[in-house]
Amino acid sequence: MEGDIVQMGAYIGAGLACTGMGGAALGVGHVAGNFLAGALRNPSAAGGQTATLFIGIAFAEALGIFSFLVALLLMFAV
Amino acid sequence: MATEAQGAAEGGLVFHPMDQFMVKPLFGDGAVGIFTLTNVTFWMALTVLAIFGLLVLGTSGRATIPTRTQSIAELAYDFIRKMVEDVAGKDGLVFFPYIMTLFLFILFANILGLLPMAFTTTSHIAVTAVLAMLVFLTVTIVGFVKNGAGFLGLFWVSSAPLPLRPILALIEVISYFVRPVSHSIRLAGNMMAGHAVIKVFAAFAPMIVISTGIGLVVTPLSILAISTIYALEVLVACIQAYVFTILTCVYLKDALHPHH
Amino acid sequence: MATAPQEAASGPGLPQLDFTTFGNQIFWLAIALVATYFILSRIALPRIAAVLAERQGSITNDLAAAEDLKAKAVEAEAAYNKALADARAEAQTIIAQAKAEIKADLDKAMAKADAEISARAAEGEKKIAEIRANAMESVKAVAKDTAAEIVAAMGGKADGRTVTAAVNARMKG
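If you're wondering where the values come from, they're calculated on a predicted model, not measured in any experiment. (Residues numbered from 1 in each chain as written. Chains lettered and ligands numbered in written order. Predicted model: local features only at pLDDT ≥ 70, side-chain atom pairs only at ≥ 80, totals over all residues. Heavy atoms only, no water.)

(A) Representation of the state of the cysteines within the structure. Overall, the coordinates contain zero disulfides over all chains when judged by the stated rule. Note on cysteine 238 of chain B: no disulfide assigned, nearest cysteine sulfur contributed by cysteine 249 of chain B at a separation of 17 Å. (Disulfide = S-S within 2.5 Å.)

This is how it looks when you write it as structure tokens:
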């Protein structure tokens, strides 16, 4: 195994960056779960808030995508 | 991945999850210049044709009682129009054709990209960055043209306590300039991630050819996984088009009515 | 692992970060977007808007027509009810008339019957009176004869006039 240490570091870093996607998963689940809880409390108001739900999910998910992107950059671009 | 591909050449499995995103000339094998006909050209043309087919050919009957295709087109029209009106307000309707263009282009590019062997144009940061920068520039220009310097009030949160306002302004400015970045990378990243995952599972699928014992377990599992992820990707393709569009509307609302 | 750097160098790395293809992508994207924009804003959107407006119009028209028909139906029902009430009132008057006529006839017939009955009763009474008078006469004659006989038997000579007067006085008393 006479690989170079930069490569190793990049791969380890990529693996670590992937943990960020777990955070995004938590965030998305949190948003959706809270929406559902609120929607069950007041179903009549839920319909108008689906747009807000998707915006919230999109923001939470974007950060997970960022970590995915960092992983990809470390794998392929560094 | 490169090393794995190398190692797989001996083992038999071939991992090339990123090869599907390569821009290649349609004819020949030369370099890719600006005007070269590439798979980008092909799939974008297909996207435009699909939009043309749905919204122009589909509605050519102009029927009062719509056909199936026409009612899909009307559904898309109503959906986006209502979104623009609800989120950006009545005066946002000027931008309705523009937003409709973005939505339909992204939706069809995403869905066409899910066809097997397809090239997903929206998985490229170059493409999504142009789309996001268009939105960003539109919002900024419209904001300043409509409100003049008052548009800067967007960054000055007047409802916050005075000492906090400069800090909040800094954060708001940063988040304003991060918008096009997150806007474009969200779309490209979602597309890229899903397709890459499908390709990784696809690479596991021929395991049964290499080793029957492991293959009996791995091959059905990976085929199941491909189907599941594919279904998820269909959902993601639609949701990302929706999210891109609704965020455009939200940003437009900021430009049209900067004082919340 | 040893071959990795060479591969990375020769391979394209991440295709999304291959800047040589950016110009191409952006060029074709611009063409596609402009084409889509013109297709939508020139042909598709005005057409769909027209179709939707037309549908809205015809729905409004149909609703108005339905409203008219409903009003007509209500009118027709009112007319029907009115006709029904009229017919009923007419029937009532006809019944009252018939009743009055019948009653008049009945009264006339009753009066006639009454008159007849009283006439017959009077006739009967007259006959009874006659019979009684006849009987009285017979009784008087018998009494006169008997009285004359009795007087003769007692040896007297009965004066007819006296006997008659005496019998008449007794009969009255």
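(B) Fine view of the layout of surface pockets. Counted as a void, the largest pocket has a volume near 590 Å³. Glu61 and Ile65 of chain A together with Asn190, Leu232 and Val236 of chain B are, among the 24 residues lining the largest pocket, the residues nearest its centre. For the lining of the largest pocket, the secondary-structure elements that each account for two or more residues are helix 2 (19-41) and helix 4 (50-77) of chain A together with helix 6 (165-204) and helix 8 (212-256) of chain B. At eight residues, the largest contribution of residues to the lining of the largest pocket is made by helix 8 of chain B. Here the residues of the lining of the largest pocket sort into 17 nonpolar, five polar and two charged. (1 Å grid on protein atoms, 1.4 Å probe; cavity = no way out; pocket = protein on both sides within 12 Å on 5 of 7 lines; lining within 4 Å. Points joined across faces, edges and corners; volume = space filled by probe spheres on them. Helix = DSSP H or I, 4+ residues; strand = E, 2+ residues; numbered from the N terminus. Nonpolar A, V, L, I, M, F, W, Y, C, P; charged D, E, K, R; others polar.)

(C) Inspection of the UniProt feature "transmembrane region" (unreviewed entry) in chain C at higher detail. With numbering aligned to this structure, UniProt lists the feature "transmembrane region" (unreviewed entry) at residues 26-45 of chain C. Taken as a whole, residues 26-45 of chain C contains 100% helix and 0% strand, while its terminal C-alpha atoms sit 26 Å from one another. (UniProt positions renumbered as here; feature names shortened; annotations may be inferred.)

(D) View of the UniProt feature "transmembrane region" (unreviewed entry) in chain B. Residue and element names in this part refer to chain B. Look at the UniProt record and you will see "transmembrane region" (unreviewed entry) annotated at residues 31-57, 95-118, 125-145, 151-179, 200-223 and 229-252. Across residues 200-223, helical content stands at 88% and strand content at 0%; the span's end C-alpha atoms are separated by 11 Å. Along residues 229-252 the backbone is 100% helical and 0% strand, and the end-to-end C-alpha distance reaches 33 Å.

(E) Molecular detail of the packing of aromatic side chains. All names here are of chain B. Counted under the stated rule, the structure contains 15 aromatic pairs over all chains. When the centroid spacing of 6.1 Å and the interplanar angle of 55 degrees are considered together, the rings of phenylalanine 79 and phenylalanine 103 count as tilted. Here phenylalanine 79 is found in helix 3 (residues 68-88), whereas its partner phenylalanine 103 is found in helix 4 (residues 96-113), with 24 residues between them in sequence. Taking 5.3 Å as the distance between ring centres and 50 degrees as the angle between the ring planes, the aromatic pair formed by phenylalanine 136 and tyrosine 176 counts as tilted. You can see phenylalanine 136 sitting in helix 5 (residues 125-147) and its partner tyrosine 176 sitting in helix 6, a full 40 residues away along the chain. Grouping residues by exposure puts phenylalanine 136 and tyrosine 176 together as buried. Pairwise contacts between aromatic rings join Phe136, Phe144, Phe151, Phe155, Tyr176 and Phe177 into one cluster. If you follow arginine 81 out to its NZ or CZ, it ends over the ring of phenylalanine 96, 5.5 Å from the centre. (Phe/Tyr/Trp six-rings, centres within 6.5 Å; stacked < 30°, edge-to-face > 60°. Buried < 20%, exposed > 50% of the residue type's maximum accessible area, 1.4 Å probe, protein only. Lys NZ or Arg CZ within 6 Å of the ring centre and 35° of its normal.)

(F) Looking closely at the side chain of threonine 41 of chain B. Counting through the fold element by element, threonine 41 of chain B comes out in helix 2 (residues 39-57). A residue is classified by how much of its surface remains accessible, and threonine 41 of chain B, at 10% relative accessible area, is buried. Looking at threonine 41 of chain B, its side chain comes within polar contact range of the main-chain nitrogen of threonine 38 of chain B, at 2.9 Å. Of note is the side chain of threonine 41 of chain B, whose polar atom sits 3.1 Å from the side chain of tryptophan 28 of chain C. Excluding residues that lie within four positions of it along the chain, threonine 41 of chain B makes contacts with Thr36 of chain B together with Trp28 of chain C. (Polar contact = N/O pair within 3.5 Å; in protein donor to acceptor, adjacent residues only side chain to side chain. Contact = heavy atoms within 4.5 Å.)

(G) Region of the structure containing empty space enclosed by the protein. Residues and elements named next belong to chain B. Under the definition given, this model contains one cavity of 30 Å³ or more. Taken as a whole, the largest cavity encloses approximately 50 Å³ of empty space. Lining the largest cavity we find Ala132, Val135, Phe136, Val139, Tyr176, Arg179, Pro180, His183 and Tyr251. For the lining of the largest cavity, the elements supplying multiple residues, two or more each, are helix 5 and helix 6. When grouped by side-chain class, the residues that make up the lining of the largest cavity number seven nonpolar, one polar and one charged.

(H) Region of the structure containing the interface of chain C and chain B. On the side of chain B, 49 residues touch chain C, which itself brings 37 residues to the contact. Summing both sides of the interface, chain C and chain B together bury roughly 3,900 Å²; the carbon and sulfur share of this comes to 74%. A per-residue breakdown of the area chain C buries against chain B is headed by Gln16, Gln25 and Arg47 of chain C, which together make up 17% of the total. Joining chain C to chain B, the criterion identifies one salt bridge. When the shortest N-O distance is used, the salt bridge between arginine 55 of chain C and glutamate 74 of chain B registers 2.8 Å. Here chain C is connected to chain B by 13 residue pairs in polar contact (both at pLDDT 80 or more). (Buried area = accessible area lost by both parts, 1.4 Å probe. Salt bridge = Lys/Arg side-chain N within 4 Å of Asp/Glu carboxyl O.)

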